[in-house]
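Spelled out from the first residue to the last, the chains are:
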Amino acid sequence: MEMSEDDSNMEDYPTEIHDYLAAFEKSLGSVDEMLKTMMSVSRSELLQKLDPLEQAKLDLVSVYTLNSMFWVYLATQGINPKEHPVKQELERIRTYMNKVKEITDKKKAAKLDKGAASRFVKNALWEPNAEKAHSSKTPAKGKKRQKD
């Protein structure tokens, strides 16, 4: 009985983790494609198209991804990444990512139009004198105005 290459690979690791390894391999392929796409455009060319906030986001995502990949590398080498300086670096990057998110959220927040707000409040408030004046000028409901 001749064994195929897949059969010999199955002996190298427990069968229970086959699906996990297949998913991991697929993820690595996706990461490789993304990196090729990012590397196909020069950094300076890419940064010229972005505003400063978008540049900061790109830099933070890039450095976070690199450090995360290093975290995985350490884990594959049997080194506990939680006890390595990469953990503090990832936390530092997350802090800056949160700062950029706060800035983005502030930009997205609606600006208050003071004129519109005061008109809205003024019209929403009930004024007893205004109601009497308003009702005397308007014909009652259901009655038709007579034409002259």
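Note that the structure is a prediction, hence the values are computed from the model and not measured. (Residues numbered from 1 in each chain as written. Predicted model: local features only at pLDDT ≥ 70, side-chain atom pairs only at ≥ 80, totals over all residues. Heavy atoms only, no water.)

J.: Quick question: what am I supposed to make of the packing of aromatic side chains here?
T.: The description of two aromatic rings rests on the distance between their centres and on the angle between their planes. Under the defined criterion, the tally for this structure stands at 1 aromatic pair. Plain terms: the ring middles of phenylalanine 70 and tyrosine 73 are 6.1 Å apart, the flat faces sit at 25 degrees to each other, and that makes the pair stacked. With phenylalanine 70 and tyrosine 73 both in helix H4 (residues 52–76), this residue pair falls 3 residues apart, about one helical turn. Exposure remark for tyrosine 73: the relative accessible area of 47% places this residue in the partly exposed category. (Phe/Tyr/Trp six-rings, centres within 6.5 Å; stacked < 30°, edge-to-face > 60°. Helix = DSSP H or I, 4+ residues; strand = E, 2+ residues; numbered from the N terminus. Buried < 20%, exposed > 50% of the residue type's maximum accessible area, 1.4 Å probe, protein only.)

J.: Explain the side chain of asparagine 67 here, please?
T.: Looking at the secondary structure, you find asparagine 67 in helix H4. Discounting residues that sit within four places of it in the chain, asparagine 67 has contacts with Val86, Glu89, Leu90 and Ile93. (Contact = heavy atoms within 4.5 Å.)

J.: Mind showing me how you'd approach the environment of glutamate 89 here?
T.: Position of glutamate 89 among the secondary structure elements: in helix H5 (residues 86–108). Its relative accessible area of 24% is what places glutamate 89 among the partly exposed residues. Remark: the alpha-carbon pair of glutamate 89 and serine 68, spanning 21 residues in sequence, is separated by 9.9 Å.

J.: Which parts of the structure should I look at to understand the pattern of salt bridges?
T.: Oppositely charged side chains may form a pair once their charged atoms are brought near each other. Within the structure shown, the criterion is met by 6 salt bridges. Here lysine 36 makes a salt bridge to aspartate 32, at a shortest N to O gap of 3.4 Å. Of this pair, lysine 36 and aspartate 32 both sit in helix H2 (residues 18–40), 4 residues apart, which is roughly one turn of that helix. One salt bridge connects lysine 101 with aspartate 105, and the closest N-O pair in it is separated by 3.1 Å. (Salt bridge = Lys/Arg side-chain N within 4 Å of Asp/Glu carboxyl O.)

J.: Sorry, what's going on with the side chain of threonine 104 here?
T.: Structurally, threonine 104 can be placed in helix H5. Looking at threonine 104, the relative accessible area reads 10%, which means it is buried. Of note is the side chain of threonine 104, whose polar atom sits 2.9 Å from the backbone oxygen of valine 100. Residues within four places of threonine 104 in sequence aside, it is in contact with Leu53 and Lys57. (Polar contact = N/O pair within 3.5 Å; in protein donor to acceptor, adjacent residues only side chain to side chain.)

J.: Looking at this structure, how should I read the confidence of the model for the chain?
T.: Segments scoring low in pLDDT should not have their predicted coordinates read at a detailed level. For the chain, per-residue confidence averages 81 on the pLDDT scale, and 76% of positions sit at 70 or higher. Of all the helices and strands in the chain, helix H1 (residues 5–10) carries the lowest mean pLDDT, 50, while H5 carries the highest, 94. Within the model, pLDDT remains below 50 along residues 1–5, and this stretch shows 1 contact once partners closer than five positions in the same chain are excluded. (pLDDT = per-residue confidence, 0-100.)

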